[in-house]
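So you can see what is in the structure, the chains are spelled out below.
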Amino acid sequence: MPVPWFLLSLALGRNPVVVSLERLVGPEDAARCSSGLSCHLWDGDVLCLPGNIVSTPGPVLVPRHLQTELVLRCHQETDCDLCVRVVVHLAVHEQWEEPGEEKQFEGAADLELEEPRNASLQAQVVLSFQAYPVARCVLLEVQVPAALVQPGQSVGSVVFDCFEAALGAEVRIWSYTQPRYQKELNLTKQLPDCRGLEVRDSIQSCWALPWLNVSTDGDNVHLVLAVSEEQHYGLLLYWNQVQGPPKPWWHKNLTGPQTITLNHTDLVPCLCIQVWPLTPDSVRTSICPFKEDPRAHRNLWRVARLRLLSPRTWRLDAPCSLSAEAVLCWQTPGGGPCQPLVPPLPQENVTVNKAHEFPLLKGHPNLCVQVSIWEKLKLQECLWADSLGPLKDDMLLVDIRGPQDNRSLCALEPSGCTPLPSRVSTRAAHFGEQLIQDLQSGLCLQLWNGDLGALWACPMDKYIHKRWALVWLACLLFTAALILFLLCKKDRVKVAARGRAALLLYSADDVGFERLVGALASALSQLSLRVAVDLWSRRELSAQGPLAWFHAQRRQTLQEGGVVVLLFSPGAVAACREWLQGGAAAPGAHGPHDAFAASLSCVLPDFSQGRAPGSYVGACFDRLLHLDAVPDLFRTVPVFSLPSQLLDFLGALQGPSASHPGLLQGWAEQVSQALQPALDSCFQSLGAPELSRGMEPGGDWT
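As recorded by an unreviewed UniProt entry, the chain carries the name Interleukin-17 receptor C and is attributed to Sciurus vulgaris. Turning to the chain, the UniProt annotation filed under Subcellular location (unreviewed entry) states: "Cell membrane".

See the structure below:
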């Protein structure tokens, strides 16, 4: 049963304009002129050969302006095709005379005066039409009587009926004369499809168009396709990107009425829907209903990710194009806002899914990237934190070079850039002389060097120790007594004074999971924990070998009363089951840096002989592995799912000296915020979100 037209207008656009078209009967082309002109259409098409521009022998007739109009060419009442009517407005082009020409022909002036000033004009006007895969050229002969010939004035128009074209096609039209006296006129138009024209009962290809309605129900969006039970059609969801071709997200051939449900988190502004009947040369109809949806814009920034491709290149991954700016900033360990390095480094317009290069010499954990739109911060990530470890207590020195080789040095602080040396009461000013000496001695790391200046990162650890030296000397007796008292409880002393040691073991399933482990290690290192992970010890791992490195780290961790954390993933579970079944993996099977595979030879005996409780903790990540998948042997120690059980997990890592519950709650929120972007990225790399009815969309942004 056909769906009324008003449902289509509600579904496929906001207030669409429905146009009623004039009908032309018969397949023959025709031409007609405005009053006073005479015209004739040549039979058949002609070759499209504009030729070169030639000089005018005198006043000539040329096209001045092009117009188009849509009509229907009908063979029967219900068998019509879309057709483009072209209107060419004509004018008289004046003759151009070269300097001195009047003198050259001055002797013939009397003869010229004897001839009439104006005469009738005739022109051959060519119309060239292209709409893939059709290309046509027609020739119109036009004659203008002498009474209408006024140089530089319009003389009328000629109308051509008509060029047939497909619904939704892009058409290009050119007009010029033979011979050609000026640059040809051209016009490009995008023809509407069945939605914007009153043609549903006239054009047969519109009869079978699937009728689509988009509705909202709470957090869900429903795509309702109301068609007959036997109708076969295709449905495509895709991301329509300005920069590059559309990216298919989900496609399926369907039959009969359907209701497709999308979660509101799947919506982005460039998500478009295309439907078409499964018939040859069928019309495809596309709509993009979420361009102005606030939820779609929020989701776009939620799924956008900054990625470090190499030490000096980065990329913003997003399904849709963004008009945003990016700038480098400096993040201090104590929190607070990240301070943009502008100047001296300039802002850069961001093109999504395209590699951008940092103007840097070296990377640093404290360097972050801020992405903003209309000066509103939308995204910030410290891209080097995973590879270079946690934030450092370094001071950033800005060397600014002015005109005539004038130079000034300042230290970047939360209050601004403090000149060095300076008498103000700030941390940088207090250590100003020492920082200048370190810079001159080559103890600072140069991050950037350009025409406007340079950036240097100078370590501050040694000055912090010196600052407190007198305090330590004054409290020496008290400290000695306290140490003697605490030696009675050696294990707890180390945890309280230095933070408990934690060794992270994991299976390197893929790059996304390694990034997730790096994010967890960085977040834990911000707490009162001393974290060891093979990601930060690649050089030692390569020199010693995975087995020797793990034995040394495990022995040191357990001797200091620390804890070994087993991070279970699908790869880790598979490796454990292989060992439990007596089939140990061959050396090198898991890569040169996989300490997890090497560690199983001594981890499993600890569990089988009952030595694991108190020294081991297990964990897995929400949505990546269920707790039930962890082998039973490892359930003799606590196993947690992160980040949903972060509070209990941090309490287990703290051990007997666990902090106050309120402090643990704050730490859990801090670690959860650090984990969520990496967890989302890792989960998205495994597959796109599932749709209802067992359908699973898939697509790649890059």
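Next comes the rest of the account.
Attention shifts here to the overall build of the chain. Secondary structure assignment for the chain yields 18 helices and 35 strands. Burial status across the chain gives 44% buried among its 702 residues.

With that out of the way, let us pick up the pattern of salt bridges. This structure, assessed with the given rule, holds 21 salt bridges. The shortest N-O distance in the salt bridge between D293 and R295 comes to 3.4 Å. The exposure class of D293 is buried, given its relative accessible area of 15%. Given a relative accessible area of 19%, R295 falls into the buried group. Residue D680 pairs with R623 through a salt bridge whose shortest N-O separation is 2.9 Å. Placement of the pair is D680 in helix α18 (residues 661–686) and R623 in the loop between β34 (616–621) and β35 (639–642), with a sequence separation of 57 residues. Look at D680 and you get buried, because its relative accessible area is 14%.

What follows deals with the packing of aromatic side chains. Applying the stated criterion across every chain yields a total of 9 aromatic pairs. Here F129 and F163 contribute two aromatic rings whose centre-to-centre distance is 4.6 Å and whose plane-to-plane angle is 10 degrees, an arrangement assigned as stacked. Of this pair, F129 sits in strand β6 (residues 121–131) while F163 sits in strand β8 (residues 154–164), placing them 34 residues apart in sequence. F163 gets classed as buried once you look at its relative accessible area, which sits at 0%. Joined through ring pairs, the aromatic side chains of F568, F607, Y616 and F634 make up one cluster.

To continue, consider the pairing of strand β19 (residues 313–317). Within β19, 4 of the 5 residues are buried, which leaves it mostly tucked inside the rest of the structure. Counted along the chain from strand β18 (residues 305–310) to the antiparallel partner β19, the turn is 2 residues long. With 3 bridges connecting them, β19 and strand β23 (residues 355–357) associate as antiparallel partners. Across the sheet, residue T313 finds its bridge partner in β23, namely E357.

So, on to the pairing of β18. Of the strand pairs in this sheet, β18 and β19 are connected by 5 bridges, and their pairing is antiparallel. Bridge pairing in β19 places S310 opposite T313.

Let us look at the sheet that holds β34. The pairing of strands in a sheet happens through backbone hydrogen bonds and is either parallel or antiparallel. Strand order in the open sheet made by the 5 strands is β32-β31-β33-β34-β35, with parallel pairing throughout. Edge strands, defined here as strands with exactly one partner in the open sheet, are β32 (529–532) and β35. Put simply, the sheet's adjacent strands are angled 30 degrees from each other on average, direction ignored. Pairing analysis gives 5 bridges linking strand β31 (residues 500–506) to strand β33 (residues 563–567), with the strands arranged parallel. Looking across to β33, one finds that L503 is bridged to V564.

A separate point is the sheet that holds strand β9 (residues 170–177). Across the sheet, 5 strands lie side by side as β3-β7-β6-β9-β10; this open sheet has antiparallel pairing. The open sheet terminates on both sides in strands that have one partner only, identified here as β3 (38–41) and β10 (185–190). Within this sheet the neighbouring strands show an average axis-to-axis angle of 20 degrees, counted without direction. Across 4 bridges, the pairing between β3 and strand β7 (residues 134–144) is antiparallel. Bridged to S38 within β7 is Q143.

Position of P57 among the secondary structure elements: in the loop between β3 and β4 (60–76). Owing to a relative accessible area of 65%, P57 belongs among the exposed residues under this scheme. A sequence separation of 37 residues divides P57 from E94, and the C-alpha atoms of the two residues are 9.7 Å apart.

Next up on the list: the state of the cysteines. Two cysteines form a disulfide when their sulfur atoms are joined by a covalent bond. This model, assessed by the stated rule, comprises 10 disulfides. Shown here is the disulfide that connects C48 with C137, its sulfur atoms set 1.8 Å apart. Across the S-S bond of C48 and C137 the torsion is about 125 degrees, and the bridge reads as right-handed. Here the residue C48 occupies a position in the loop between β3 and β4, and C137 occupies one in strand β7, the gap between them amounting to 89 residues.

It is worth spelling out the nonpolar core at this point. Membership of the largest hydrophobic core comes to 55 residues, with the highest contact counts inside it found for L271, W314, L316, V369 and V371. Core analysis: the second largest hydrophobic core is formed by 41 residues, L61, C80, F160 and I173 among them.

Residues L646, F649, L650, G651, L653 and Q654 constitute the buried set of helix α17 (residues 646–654). Taken from the residues just after α17, G655 is the one with a positive phi, measuring 75 degrees.

Rules used throughout
- Residues numbered from 1 in each chain as written.
- Predicted model: local features only at pLDDT ≥ 70, side-chain atom pairs only at ≥ 80, totals over all residues.
- Heavy atoms only, no water.
- UniProt positions renumbered as here; feature names shortened; annotations may be inferred.
- Helix = DSSP H or I, 4+ residues; strand = E, 2+ residues; numbered from the N terminus.
- Buried < 20%, exposed > 50% of the residue type's maximum accessible area, 1.4 Å probe, protein only.
- Salt bridge = Lys/Arg side-chain N within 4 Å of Asp/Glu carboxyl O.
- Phe/Tyr/Trp six-rings, centres within 6.5 Å; stacked < 30°, edge-to-face > 60°.
- Pairing = 2+ DSSP bridges.
- Axes fitted to C-alpha atoms, helices over the stretch in contact; angles between N-to-C directions.
- Disulfide = S-S within 2.5 Å.
- Core = buried A, V, L, I, M, F, W, Y, C linked by side-chain atoms within 4.5 Å.

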